[in-house]
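A look at the structure
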Amino acid sequence: MTEEQVLIDQSPPPSAPEPNPNSLIHPRRVSFEHGLLPIQKLAFTDPIQTLAPIKQKLADAASNNRVGSAAIAEALQISGDHARLVLETLGSVLHSEGDPLVRAKPEEVDSVGADLRDLVLFLYVQSYKKLMPRTRKDSAAVADVWPSTSAFDGYLSALSPIQAKFLSFYVHQSHIQCGSSINRIRGSFSFLSTPVCSRVGLLRLLEYIHLVIVFYIFLLIILQLVRSNSRRFMPSQADDEAHQLSYLQKHLGNIISLLGEPVEGEGEESLVISMEAFEHLGFLVQFGDKGSDISPLSQATPFFANSDPDMPAVPVPVSQVHDWLLQNIASALESITERISGKENGPSNTSDQDDAMSDACATPNKVAPSGRGPCLIEGVSKTSLVKQASDLRGRSVKVVNCHDSVIYLLAPLRYATVHGCSDTTIVLGAVGKALRAEHCERVHVIAAAKRVCIANCRECVFFLGVNQRPLIVGDNHKLQVAPYNTYYSHLREHMSEVGLESTINKWDKPLALGAVDPHDSLSHPAGVSDAQAESAACVDPDQFFNFLIPNWFSGEDTGSTKDNPFPLPDTYMAAQQRNLKNLDETRRSLRETPLEENRKKELSSALHVYFKDWLYASGNIRQLYCLQGD
C-alpha cells in the first residue's frame with residue numbers, strides 16, 4: 001500500500017448534520033451574472049463530455065497547474081483575443097483575492113494565466129442558461145401551449161398572456177379600422193368615370209397598403225412589448241438564486257468529478273477530492289450569514305473543518321462531498337421556496353433584502369440595502385439620487401428601472417449593474433471588478449471601471465475610463481463611447497483602493513461578440529447564432545463635453561482629485577480648447593457689439609430661449625436641478 005493510499009479516508013461517510021438555517025449555502029451570483037461569455041465555442045451542449053479531453057490538453061500545457069492564454073487558445077480553438085478575454089473575465093469573478101490572476105498587471109495577464117481548476121469550472125458554467133423573466137405564476141403552463149416556430153421565434157415567447165391578448169386585440173382593431181378607411185376611400189372613387197380595370201387596380205393597391213400597415217403595427221407592438229418586458233420583468237434575486245442552485249444541483253456530480261483525482265491503483269471509478277481542490281468550489285458556492293464575512297468553504301464541512309494547518313488534510317471520496325453538498329443545496333432551495341411562496345401568498349415578516357428585486361417597480365425611489373447581496377437602487381424617476389463612499393464602500397450595486405433621473409454613486413465599488421433604465425445619467429465611482437449595462441435606452445453612463453460589458457442597449461452613450469476592452473454583446477443599436485469626462489474630490493483615492501490604472505484607458509477599443517446570447521433561455525431563429533453584435537461609434541470630439549459633479553459636501557474632508565485622472569486623447573483635447581476659444585470669442589464679440597438697450601434685452605432673451613431649448617433637448621436640464629438643490 002502506498003503512502004498516498006494510507007492518507008485516504010475510506011471510512012463510511014458520517015451522517016451529515018442538519019444544515020443550520022442561519023447559514024445556508026448560496027450560489028456566487030457574480031459568477032453567473034458577470035462571468036458568462038457569448039462565445040459560441042464555449043457554449044458546450046454536453047459539458048462533461050467536451051471538457052474532459054479539453055481539461056487533459058490544458059493540464060498537459062500547464063505550468064505549476066496554471067494555464068496561459070496561448071494554451072487556452074490552442075485547447076479551445078479560439079482566437080488570441082478571445083483567450084485573453086477568457087482570462088480577464090475569469091479574473092474579474094474569481095473568489096480568491098489572493099490569486100495571481102486577480103493581482104496581475106495588464107501586461108502580465110497572458111503569462112500569469114489561470115489555475116487549471118478555476119478555469120475548468122469557469123468553462124463548465126458557460127453551459128448555464130439564464131432564467132426567463134417570470135411575468136405570471138402560470139408562465140410554465142403558457143410556455144407549453146405557446147409554440148415558437150415563426151419568424152418571431154424567441155420574441156413572442158417573452159410576452160405574457162395578457163400582453164398576447166392585447167396584441168391580438170390591437171392588431172384585430174387595426175385591421176377593422178384600416179378596412180373601414182379603405183371602404184370610405186372606395187366610396188370616394190365611385191363617382192369617377194375611370195375604366196373599371198383602373199378602379200380595380202387602385203383598390204388592390206389600397207388593400208396591399210392595408211396589409212403593410214397592419215403588419216408594420218404588428219411589428220412595432222411586438223418590439224415595444226418585448227422591450228418593456230425585458231425592463232420591467234427582471235427576475236427577482238430570489239428566483240435567480242433558486243435557478244442557479246437548481247443548475248448546480250443538476251450538474252454537481254459532473255462538476256465535482258472534474259475536480260477529483262483517482263486513487264493510485266484503483267482506476268477512474270474511485271475519485272477523491274483534496275481540501276485544496278474543494279476550496280475551488282468557492283468559485284460557485286459560498287456559506288455565511290447575510291451581513292457576515294464569507295469564511296473558507298472547507299470550514300463549513302464536517303470533513304475538512306478544523307484541519308491541522310501543519311498537516312495536509314485527508315482527501316475525501318467524491319461521493320461523500322457530492323452527497324453533503326446536495327443536502328445543503330436542497331435545504332437552501334426549500335428555504336428560498338418558502339420565502340417566495342410567503343411573498344406571493346400574503347405579507348411576510350422577513351427582512352431578507354435579497355428579494356427586493358421581486359417587486360420591481362412596485363415601490364418608486366427604493367434603495368434597498370443588503371448585507372450580503374448588492375445594494376439595490378430601483379425605480380428612481382424624475383429626480384436625483386446621491387450615494388457616497390460611506391453608503392457603498394466595497395459594495396456591489398444594481399441600478400434597476402430608473403427613468404428621467406441623474407444618479408450619482410460616488411464610491412469604490414466591486415461590481416455594478418445597470419438594468420432597464422431610460423433617459424437617465426448614471427455616474428459611477430470606481431468599479432474594481434466589472435460593470436454591466438443591459439436593456440437600457442437613451443442612457444448616459446459615466447464610469448471608471450476595470451471592465452465594462454454592454455448588452456442589448458439602444459441609443460446610449462458611455463463615457464469610460466476602462467482598463468480592459470469594453471465588451472459589446474447582444475442586440476444593440478446606435479451605441480456611442482467616449483473618454484471619461486468628469487471627476488470628484490475622492491476619485492483618485494477610490495481608484496487606488498480598487499486597483500484601477502489611470503494610465504490605461506481602452507474606451508475606444510470595444511470588442512463586439514455575438515448578437516445572440518447562448519446563455520438566455522429564448523429560442524432564436526435559425527442562422528443568427530453567428531451574427532456579430534453592432535459595435536459602438538466614438539463620440540465626435542466636437543460633441544464631447546465635461547460633466548460637472550456638484551460639490552454637495554464642501555464642508556467635509558476633501559480629497560486630492562482636482563481634475564480628470566484619465567488623460568484625454570489629443571483630438572478631444574484639441575476640440576475642447578477650440579470650443580473654449582470659440583466661446584471666448586463669442587463673449588468678446590457680444591461685449592464689443594454696440595447695441596441699444598432694448599436690442600440687448602432682445603438678444604439676451606433669445607439666448608436664454610435657445611439655451612433652455614438645448615438644456616431640455618440634451619437632457620442637461622437634470623444637472624441644473626442637481627445644482628439648484630446644492
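Values in this document were obtained by computation on a predicted structure and should not be read as measured data.

What counts and what doesn't
- Residues numbered from 1 in each chain as written.
- Predicted model: local features only at pLDDT ≥ 70, side-chain atom pairs only at ≥ 80, totals over all residues.
- Heavy atoms only, no water.
- Helix = DSSP H or I, 4+ residues; strand = E, 2+ residues; numbered from the N terminus.
- Buried < 20%, exposed > 50% of the residue type's maximum accessible area, 1.4 Å probe, protein only.
- Contact = heavy atoms within 4.5 Å.
- Phe/Tyr/Trp six-rings, centres within 6.5 Å; stacked < 30°, edge-to-face > 60°.
- Polar contact = N/O pair within 3.5 Å; in protein donor to acceptor, adjacent residues only side chain to side chain.
- Pairing = 2+ DSSP bridges.
- Axes fitted to C-alpha atoms, helices over the stretch in contact; angles between N-to-C directions.
- Parallel < 35°, antiparallel > 145°, perpendicular 65-115°, else oblique.
- Left-handed = near helix turned anticlockwise from the far one by under 90°.
- Nonpolar A, V, L, I, M, F, W, Y, C, P; charged D, E, K, R; others polar.
- Salt bridge = Lys/Arg side-chain N within 4 Å of Asp/Glu carboxyl O.
- Expected span 1.5 Å × (residues − 1).
- Bend = angle between axes of the 7 residues up to and from the residue.
- pLDDT = per-residue confidence, 0-100.
- Disulfide = S-S within 2.5 Å.

Moving on, we get to the overall build of the chain. On a plain count of helices and strands, the chain comes out with 19 helices and 20 strands. Out of the 630 residues in the chain, the part that is buried amounts to 46%. In the chain, the share of contacts with a sequence separation of at least 24, taken over all contacts with a separation of at least 6, comes to 59%.

A few words on the packing of aromatic side chains. Taken as a whole, this structure holds 14 aromatic pairs when the rule is applied. Residues F303 and W324 carry aromatic rings whose centres are separated by 5.6 Å and whose planes lie at 75° to one another, so their mutual orientation is edge-to-face. In this pair, F303 is assigned in the loop between β6 (285–286) and β7 (316–317) and W324 in helix α14 (residues 318–345), connecting sequence segments 21 residues apart. A residue is classified by how much of its surface remains accessible, and F303, at 16% relative accessible area, is buried. Among the aromatic side chains, those forming a connected cluster through ring pairs are F278, F287, F303, F304 and W324.

Within the element layout of this structure, H280 appears in the loop between α13 (275–279) and β6. A C-alpha to C-alpha distance of 9.5 Å links H280 and L94, two positions 186 residues apart in sequence. Once you skip the residues sitting within four places of it in the chain, H280 turns out to touch H95, D115, R117, D118 and L121.

This brings us to unusual backbone geometry. Positive phi values are uncommon outside glycine, yet N64 reaches one of about 55°. Mapped onto the elements of the fold, N64 is located in the loop between α3 (47–61) and β2 (66–67). On the basis of relative accessibility, which here comes to 74%, the residue N64 falls in the exposed class. Although it is not a glycine, N401 adopts a positive phi angle of roughly 55°.

Here we take up helix α8 (residues 116–124). The element α8 is largely enclosed, with a buried count of nine among its nine residues. Looking at where α8 begins, the residue whose side-chain oxygen comes 2.8 Å from the main-chain nitrogen of R117 is D115.

Residue alternation in strand β10 (residues 384–388) divides its side chains into a buried set, L385 and K387, and an unburied set, S384, V386 and Q388. Relative to strand β12 (residues 406–419), β10 runs parallel, the two being bridged by five bridges. Following the sheet pairing, V386 is matched in β12 by Y408.

Assignment of secondary structure puts S396 in strand β11 (residues 395–400). A relative accessible area of 17% means that S396 is categorised as buried. A polar contact is formed between the side chain of S396 and the backbone nitrogen of Y415, at a distance of 3.4 Å. Not counting residues within four places of it along the chain, the set of residues in contact with S396 comprises P374, C375, R414 and Y415.

So, on to the packing of α8 against helix α12 (residues 237–259). Orientation of α8 relative to α12, taken along the N-to-C sense of each, is 150°, at an axis distance of 11 Å. Comparing the axis directions of α8 and α12 gives the class roughly antiparallel. Where α8 crosses over α12, the handedness of that crossing is right-handed. Contacts from R117, V120, L121 and Y124 in α8 reach Y247, H251, N254, I255, L258 and L259 in α12. A per-class count over the contact of α8 with α12 returns seven nonpolar, two polar and one charged.

Glancing now at the pattern of salt bridges. Counted according to the given criterion, the structure contains 18 salt bridges. Notably, a salt bridge pairs E97 with R414, separated by 3.5 Å at the nearest N-O pair. Of this pair, E97 sits in the loop between α5 (80–93) and α6 (100–103) while R414 sits in strand β12, and the two are 317 residues apart along the sequence. Linked through salt bridges whose partners overlap, the residues forming this network are R84, E88 and D110.

Another aspect to go through is α12. Relative to the 33 Å expected for 23 residues at 1.5 Å per residue, α12 spans just 29 Å between its end C-alpha atoms, considerably shorter than the ideal helical length. The largest bend in α12 amounts to roughly 65° and is located at H251.

Okay, the confidence of the model for the chain next. The pLDDT averaged across the chain works out to 78; a share of 69% of its residues lies at or above 70. Here helix α9 (residues 139–144) is the element of the chain with the lowest mean pLDDT, 35, and strand β16 (residues 461–466) is the one with the highest, 98. Below a pLDDT of 50 lies the segment residues 135–166, which in the model reaches 47 contacts outside its immediate sequence neighbourhood of four places, other chains included.

Our next topic: the pairing of strand β18 (residues 480–483). Where a strand is regular, its side chains alternate between the two sheet faces. Sheet topology note: the β16/β18 ladder contains four bridges and is parallel. The residue bridging F463 from the neighbouring strand is A482, located in β18. Relative to strand β20 (residues 537–538), β18 runs parallel, the two sharing two bridges. Bridge pairing in β20 places Q480 opposite A537.

This paragraph deals with the packing of α3 against α12. Between α3 and α12, the shortest axis-to-axis distance is 11 Å and the interhelical angle comes to 10°. Between α3 and α12, the angle falls in the class roughly parallel. Packed against α3, whose contacting residues are I48, L51 and K55, the element α12 presents N254, S257 and L258 at the interface. The class makeup of the residues in the contact of α3 with α12 is three nonpolar, two polar and one charged.

Here the focus is the environment of S23. Inspection of the secondary structure assignment puts S23 in the loop between α1 (3–6) and β1 (26–27). Sequence separation of S23 and Q286 is 263 residues, and the distance between their C-alpha atoms is 9.8 Å.

A full pass over the atoms with the stated rule returns zero disulfides. Of the cysteine sulfurs around C453, a residue in no disulfide, the closest is that of C457, at 9.1 Å. Taking the relative accessible area as the measure of exposure, C453 reaches 10% and is therefore buried.

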